[in-house]
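As a plain string of letters, each chain reads:
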Amino acid sequence: MRALVSITLSGLVAGPAFAADMKMSVEIPRLAVAEYHRPYVAIWLEKPDQSFVGNLAVWYDYKLKDNEGTKWLKDLRQWWRRSGRELTMPVDGLTSATRAPGEHQVAVDLGKAPLSGLAAGEYQIVVEAAREVGGRELLRIPFQWPPKAEQTLKTPGKDELGAVTLSLKP
Amino acid sequence: MKTTRTFLKWTALALSVAIPLSAAQAHRSWMLPSATILSGDDVWVTIDAAVSNDLFYFEHFPMRLANIGTPPEASGGRGGRPAELTIVAPDGSRAEPKNGNIGRYRSTFDVHLTQKGTYKIAATNDGIFASWKEGAETKRWRGTMAAFAKEVPADAQGLQATQMDSRLEVFVTSGKPTRDALKLTGAGLELDPVTHPNDLVAGSPATFRLVLDGKPAANLKVTVIPGGNRYRDKLGDMTLNTDADGKFTVTWPNAGMYWMEASVRDGSSSAPNVKQRRANYVATFEVLAP
């Protein structure tokens, strides 16, 4: 069940006041390491002052017995402080399995919080990745909402993340 | 002679637990949790407790804790009273330590965090140290407040007695930080955190308040030392002062474990016939990278 559908509902859902569109992809790099585990990844929306707005996705080992995969969620330490510790995992529509190396579409549902009814202004998408017996990396992409012009914003990762791409359409 | 030496050694150790230490002095008492911020459903922490020079390396003596095992002879089966361990759960109830052991260099125990929220784990020691003259001989004594009244003659010649009140704390949180366990007892020197002790980030200022018998501990010197000094030349200690309200602010230079210590000497002993009091507070904090 690795296939992910990029859900861009802006044309279908009447919810948002503006019919903007957002697509996002995150690349998990292939690493030549002795012991590899797929990273835990959290993706959320924040204001420029880094105050938390809402979660977009959390990828973790949610199928381990006794919910054991939640033990390492705190390693996504910035997400844990901003949001994770407030949640009871798993969360429907938010949590899903870890991803293999490769490029993955992130399901962005414009008809749901935090994007539904999101006030116009400056925001940033944050992607945080933490890998068991590996490292941690955090990337931010600032953007304007709603977008004024069609644009693709791309940030390259260094170690634990590959490119993160955000495509916006007015 | 051997007895005297043993006694002195144990006095020194007990003093190191009970008495304020300046950053320049050796022997620091500490507790070190395996983690302070935890997620998941079946959450445990292991706490090490020791008296050592370097932070946080167990290389001198285990901290003696009541009800968590028997110290081996070499690490001091004799000597002063073990500290009382109190584990306050998020709902304010008491939790019990598990799998306790006292080894040659460290004591260790586990805490099963069955509730979500913040736990306060405190090792406290409240006793009296006394000395007096019997002819040419100096008698030394230490023990509880109750024993002091019974065992130390009230008319002892040249009686010097000091109440030693020490408190060592660590804080661990499963899930979201909470504040019920942070409530103060109102006795001795205590920390009243303004910034939550499990919400500390390098580069961000954290504010705490020290209180003595529940009242602001004003103009007090607070020493903060980053762990890991075994592998650096400089101690890296910071000295802060509490304001009139007992408050002080620390800006952590780096992520890591930090040891904090403050102490007061005053004449507010709660024991009859004892004028002097020394109250000491020590805590270990974990500071995360942003």
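What counts and what doesn't
- Residues numbered from 1 in each chain as written.
- Chains lettered and ligands numbered in written order.
- Predicted model: local features only at pLDDT ≥ 70, side-chain atom pairs only at ≥ 80, totals over all residues.
- Helix = DSSP H or I, 4+ residues; strand = E, 2+ residues; numbered from the N terminus.
- Buried ≥ 20, exposed ≤ 12 C-beta atoms within 10 Å, placed from the backbone.
- Contact = placed C-beta atoms within 7 Å.
- Pairing = 2+ DSSP bridges.
- Axes fitted to C-alpha atoms, helices over the stretch in contact; angles between N-to-C directions.
- Nonpolar A, V, L, I, M, F, W, Y, C, P; charged D, E, K, R; others polar.
- Core = buried A, V, L, I, M, F, W, Y, C linked by C-beta atoms within 7 Å.
- pLDDT = per-residue confidence, 0-100.
- Right-handed = clockwise from strand over helix to strand, strands pointing away.

**Student:** Even after reading the chapter, I still don't get the overall build of chain B, so can you show me in this structure?
**Tutor:** Within chain B one finds two helices and 19 strands. Expressed as a percentage of its 290 residues, the buried residues of chain B come to 42%. Contacts in chain B between residues at least 24 apart in sequence constitute 68% of all its contacts with a sequence separation of at least 6.

**Student:** Looking at this model, I keep getting lost on the overall build of chain A. Mind explaining?
**Tutor:** Secondary structure assignment for chain A yields one helix and nine strands. From first element to last, N terminus to C terminus, chain A shows the α and β order β-β-β-α-β-β-β-β-β-β. The long-range share in chain A, meaning contacts at least 24 apart out of those at least 6 apart in sequence, stands at 65%.

**Student:** Would you explain the sheet that holds strand 9 (residues 164-169) of chain A in this entry?
**Tutor:** In sheet architecture, strand pairing relies on hydrogen bonds along the backbone and comes in two forms, parallel and antiparallel. All names here are of chain A. Read across the sheet, four strands follow the order 5-1-9-8 without closing on themselves; strand pairing throughout is antiparallel. This sheet does not close on itself; its edge strands, each paired only once, are strand 5 (102-106) and strand 8 (151-155). Taking each pair of neighbouring strands and ignoring which way they run, the sheet shows an average axis angle of 15°.

**Student:** Help me out: how do you make sense of the interface of chain A and chain B in this one?
**Tutor:** Accessible area lost during the coming together of the parts is what is often quoted as the interface size. On the chain B side, the residues contacting the eleven residues of chain A number nine residues. Its residues assigned to classes, the side of chain A that touches chain B comprises two nonpolar, three polar and six charged.

**Student:** What is the right way to read the nonpolar core from this model?
**Tutor:** In this structure, Met31, Ile121 and Ala123 of chain B are the most contacted members of the largest nonpolar core, which totals 59 residues. Looking at which element gives the most residues to this core, the answer is strand 19 (residues 276-287) of chain B, with six residues. Beyond its immediate sequence surroundings of up to four residues, isoleucine 121 of chain B is in contact with Met31, Ile47, Ile87, Val111, Glu169, Val170 and Val172 of chain B. Within the second largest apolar cluster, 36 residues are counted, among which are Trp44, Tyr60, Ile125 and Ala129 of chain A.

**Student:** Would you take a moment to explain the pairing of strand 6 (residues 121-130) of chain A for this structure?
**Tutor:** If a strand is regular, its side chains alternate between the two faces of the sheet. Residues and elements named next belong to chain A. Where burial is concerned, most of strand 6 is hidden: seven out of the ten residues are buried. Two strands pair when backbone bridges link them, and strand 2 (residues 40-46) and strand 6 are joined in this way by seven bridges, in the antiparallel orientation. Each residue of the ladder has a partner; that of isoleucine 43, found in strand 6, is valine 127. The turn linking strand 6 back onto strand 7 (residues 136-145) is made up of five residues, and valine 133 within it adopts a positive phi angle of 55°.

**Student:** Can you walk me through the confidence of the model for chain A in this structure?
**Tutor:** Low pLDDT marks regions whose predicted coordinates should not be analysed in detail. All names here are of chain A. Residues with a pLDDT of 70 or more make up 89% of chain A, whose mean pLDDT is 90. Mean pLDDT across the elements of chain A ranges from a minimum in strand 4 (residues 95-96), with 94, to a maximum in strand 2, with 98. Note that residues 1-16 has pLDDT below 50 and, in this model, 29 contacts with residues that lie over four places away or in other chains.

**Student:** Looking at this structure, I do not really get the sheet that holds strand 3 (residues 52-59) of chain A. What am I missing?
**Tutor:** All names here are of chain A. The strand order across the open sheet formed by five strands is 4-3-2-6-7, and the pairing between neighbours is mixed. In the strand order of this sheet, the two ends are held by strand 4 and strand 7, each with one partner. Relative to strand 3, strand 2 runs antiparallel, the two being bridged by six bridges. Among the inter-strand pairings, isoleucine 43 is bridged to a residue of strand 3, identified as alanine 57.

**Student:** What's the story with the pairing of strand 3 of chain A in this structure? I'm lost.
**Tutor:** All names here are of chain A. In terms of residue burial, strand 3 counts as a mostly covered element, since six of its eight residues are buried. A loop of five residues connects strand 2 with strand 3, the two strands running antiparallel in sequence, and glutamine 50 in this loop sits at a positive phi of about 70°. Of the strand pairs in this sheet, strand 3 and strand 4 are connected by two bridges, and their pairing is parallel. When the sheet's bridge partners are listed, valine 58 is paired in strand 4 with threonine 95. Between the parallel elements strand 3 and strand 4, the chain passes through helix 1 (residues 77-82) in a crossover that is right-handed.

**Student:** So what exactly am I meant to see when it comes to unusual backbone geometry here?
**Tutor:** All names here are of chain A. The omega torsion of the bond from methionine 89 to proline 90 falls at -5°, within 30 degrees of zero and hence cis. Note that proline 90 resides in the loop between helix 1 and strand 4. At the junction of alanine 113 and proline 114, the peptide bond is cis and its omega measures out at 5° in the coordinates. Its place among the elements puts proline 114 in the loop between strand 5 and strand 6. Even without being a glycine, glutamine 50 presents a positive backbone phi close to 70°. Mapped onto the elements, glutamine 50 comes out in the loop between strand 2 and strand 3.

**Student:** What am I meant to see in the environment of arginine 179 of chain B here?
**Tutor:** By secondary structure assignment, the location of arginine 179 of chain B is in the loop between strand 11 (157-174) and strand 12 (189-193). Separated by 17 residues in sequence, arginine 179 of chain B and threonine 162 of chain B place their C-alpha atoms 33 Å apart.

**Student:** Would you take a moment to explain the environment of tryptophan 30 of chain B for this structure?
**Tutor:** Mapped onto the elements of the fold, tryptophan 30 of chain B is located in strand 1 (residues 28-33). For tryptophan 30 of chain B, the contacting residues outside a window of four places in its chain are Ala50, Leu55, Phe56, Trp259, Val282 and Thr284 of chain B.

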